[in-house]
Amino acid sequence: MANVTQLKHLEHLEDEMLNYGVEGCKAAVGFLQELRKMLGCDNSTGFMQTKWDGAPSVICGTCPLTDNFFVGTKSVFNKDEPKIAYTENAIDMYYGHSLDLAEKLKWALRYFPSLGIKGVVQGDLLYTKPDLKTETVHGEKLYTFKPNTITYGIPTDHEIGKQVSTSQIGVVFHTHYRGEDIPTMQAIAGAGEKFTQSSTVLNVNNDTPMDKVGLSHTEEVRFDNMVKAIERDCKISGDFLDELVLLKGSTGDAKWHVSSYLKQFFNDQIKKQRTISNPTQALEDLTNFYHSKVKPAADKLKQPTTQAAKKKLIYDSENYLMNNADKFKAMLNLYKQLQEIKQFVIDKLDHLEKFRTYVQTDKGYKATGPEGYVLHKDGDMIKFVNRLEFSYNNFTVAKAWR
């Protein structure tokens with residue numbers, strides 16, 4: 001469902017039913033069925049990429065109108081004022097409000113031309129030379145860098161570690177663009193044409209080697225049964241999912257309805273390190289969460305008539321929760337099933353990664369999984385992220401980049 005012109009935001013597998021109702025749920029099933037082909041080594045047109053917790057996101061390449069090399073952030077796609085920087089002076093003009101951002105873009109402008117980039121690509125910056133450290137972590141000598149939430153490490157004696165030692169900058173390109181005009185270009189998954197090897201740029205390949213995963217017969221049966229259950233429950237909850245999509249909104253009376261707080265509720269559960277294990281308990285938690293958000297907002301309203309009207313909306317919405325309790329429990333159970341099959345996939349993929357991944361705590365480095373993965377199918381893409389781990393860290397761990 002997350003088919004985009006310019007790559008700005010990806011959705012979680014389990015959130016598509018909240019975004020698009022029954023069609024979103026069907027799309028999630030379609031992604032899982034394609035993934036089953038990939039895991040079973042059957043013919044598949046889809047592919048998986050490893051997500052990297054890099055920052056900033058850099059757009060660069062050869063401008064189709066000028067044939068000059070440029071760098072920038074997602075602001076290069078601005079309709080009114082595309083911030084396309086061909087020189088360091090232009091970087092200062094467009095991005096000088098953030099000295100750290102401007103400095104990193106200057107490193108990109110300096111070294112990325114050596115890759116011989118044809119066209120326009122997008123990637124996540126991993127480090128510049130000043131960011132690199134040599135550390136011993138858990139008895140292993142590593143080159144480390146922390147672009148955002150996760151600290152990455154690669155053994156100094158690894159082949160990639162040797163590339164790190166000579167590099168000035170590191171990047172992972174994940175998207176290329178087609179079109180004759182930058183503001184209207186279409187995003188295409190993958191880095192596109194191969195780049196020139198460069199001793200000054202570590203260009204990480206983020207294609208996940210799905211042929212190295214494989215499933216045992218028991219795992220195949222388990223995966224297939226999970227997908228069948230999701231498909232069945234999608235049909236059961238379909239009309240209600242569509243109803244929730246129609247009822248939610250960010251303005252007017254709709255913003256007071258419980259359907260507008262579902263994503264907030266699931267994010268709050270992540271912050272509290274909770275999973276949806278018991279739909280009955282989850283419904284109670286949802287009810288309490290909704291009340292905790294809307295009642296204080298209504299209490300702050302100064303006009304008595306306005307306050308009374310909003311409290312009536314809250315009362316109606318809480319009745320809606322009670323009157324549709326079984327439907328909400330079915331929806332929550334479906335969400336739980338999608339989380340479980342997603343984690344099943346993540347657990348199979350994480351061991352393939354060459355880089356060590358950590359989060360910094362007050363007690364030192366704590367091992368963690370990679371940020372996650374992006375599944376591509378027929379031009380659509382969806383992300384598989386261990387939200388209880390990475391998203392929790394993203395909410396709570398101090399970042400090197402803002």
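Shown above is the structure to which this text applies.
A. Geometry of unusual backbone geometry. Following Ala-55, the chain continues to Pro-56 via a peptide bond in cis, the omega torsion being 0 degrees. Considering the arrangement of structural elements, one finds Pro-56 in the loop between strand S1 (47-51) and strand S2 (57-62). Within the chain, Asp-67 stands out as a residue other than glycine whose phi angle is a positive 65 degrees. As for its placement among the helices and strands, Asp-67 is situated in the loop between S2 and strand S3 (69-72). Since its relative accessible area comes to 61%, Asp-67 is described here as exposed. The phi dihedral of Gln-273 is positive, around 60 degrees, even though this residue is not glycine. With respect to the secondary-structure elements, Gln-273 resides in the loop between helix H7 (262-271) and helix H8 (279-299). Owing to a relative accessible area of 39%, Gln-273 belongs among the partly exposed residues under this scheme.

B. Highlighting helix H5 (residues 159-166). Restricting attention to buried positions, one finds in H5 the residues Ile-160, Gly-161 and Val-164. Here the buried residues of H5 occupy an arc of 100 degrees about the axis, which is enough to place them on one side. Elements in contact with the buried residues of H5: strand S4 (120-128), strand S6 (140-145), strand S7 (151-155) and strand S10 (201-203).

C. Examining the packing of aromatic side chains more closely. Enumeration according to the criterion identifies 19 aromatic pairs in this entry. With centroids separated by 5.7 Å and ring planes inclined at 25 degrees, the aromatic side chains of Phe-145 and Tyr-152 adopt a geometry described as stacked. Tyr-152 matches Phe-145 in its accessibility class, with the two residues each being buried. An angle of 20 degrees between the planes, with centres 6.3 Å apart, marks the rings of Phe-240 and Tyr-320 as stacked.

D. Fine view of the sheet that holds strand S12 (residues 364-367). Read from one edge to the other, the open sheet built from 5 strands follows the order S5-S6-S7-S11-S12, with strand pairing classed as antiparallel. Bordering the open sheet on either side are strand S5 (133-137) and S12, each of which pairs with just one other strand. Strand after strand, the sheet turns through a mean of 45 degrees between neighbouring axes, direction not considered. Both S5 and S6 contribute to a ladder of 5 bridges, which runs antiparallel. Each bridged residue has a counterpart across the sheet, and for Thr-136 the counterpart in S6 is Lys-141. Those strands touched by H5 are S6 and S7, and its axis lies near 110 degrees from that of S7.

E. Inspection of the environment of Lys-26 at higher detail. Mapped onto the elements, Lys-26 comes out in helix H2 (residues 22-39). For Lys-26, a relative accessible area of 48% puts it in the partly exposed group. Linking Lys-26 and His-291, residues 265 residues apart in sequence, is a C-alpha distance of 31 Å.

F. Quick look at the pattern of salt bridges. Within the structure shown, the criterion is met by 23 salt bridges. Linking Lys-106 and Asp-92 is a salt bridge whose minimum nitrogen-to-oxygen distance equals 2.8 Å. A residue pair is termed long-range when its members are at least 10 positions apart, and Lys-106 in helix H4 (residues 99-111) and Asp-92 in helix H3 (residues 88-95) qualify at 14 residues. Judged by relative accessible area, Asp-92 falls into the partly exposed class, the value being 37%. Lys-377 is paired through a salt bridge with Asp-378; the nearest N and O atoms lie 3.4 Å apart. A relative accessible area of 59% places Asp-378 in the exposed class. Each of Glu-14, Asp-15, Lys-342 and Arg-387 takes part in salt bridges that share partners, so that together they form one network.

Conventions we followed
Residues numbered from 1 in each chain as written. Predicted model: local features only at pLDDT ≥ 70, side-chain atom pairs only at ≥ 80, totals over all residues. Heavy atoms only, no water. Helix = DSSP H or I, 4+ residues; strand = E, 2+ residues; numbered from the N terminus. Buried < 20%, exposed > 50% of the residue type's maximum accessible area, 1.4 Å probe, protein only. Arc of directions from axis to C-beta. Contact = heavy atoms within 4.5 Å. Phe/Tyr/Trp six-rings, centres within 6.5 Å; stacked < 30°, edge-to-face > 60°. Pairing = 2+ DSSP bridges. Axes fitted to C-alpha atoms, helices over the stretch in contact; angles between N-to-C directions. Salt bridge = Lys/Arg side-chain N within 4 Å of Asp/Glu carboxyl O.

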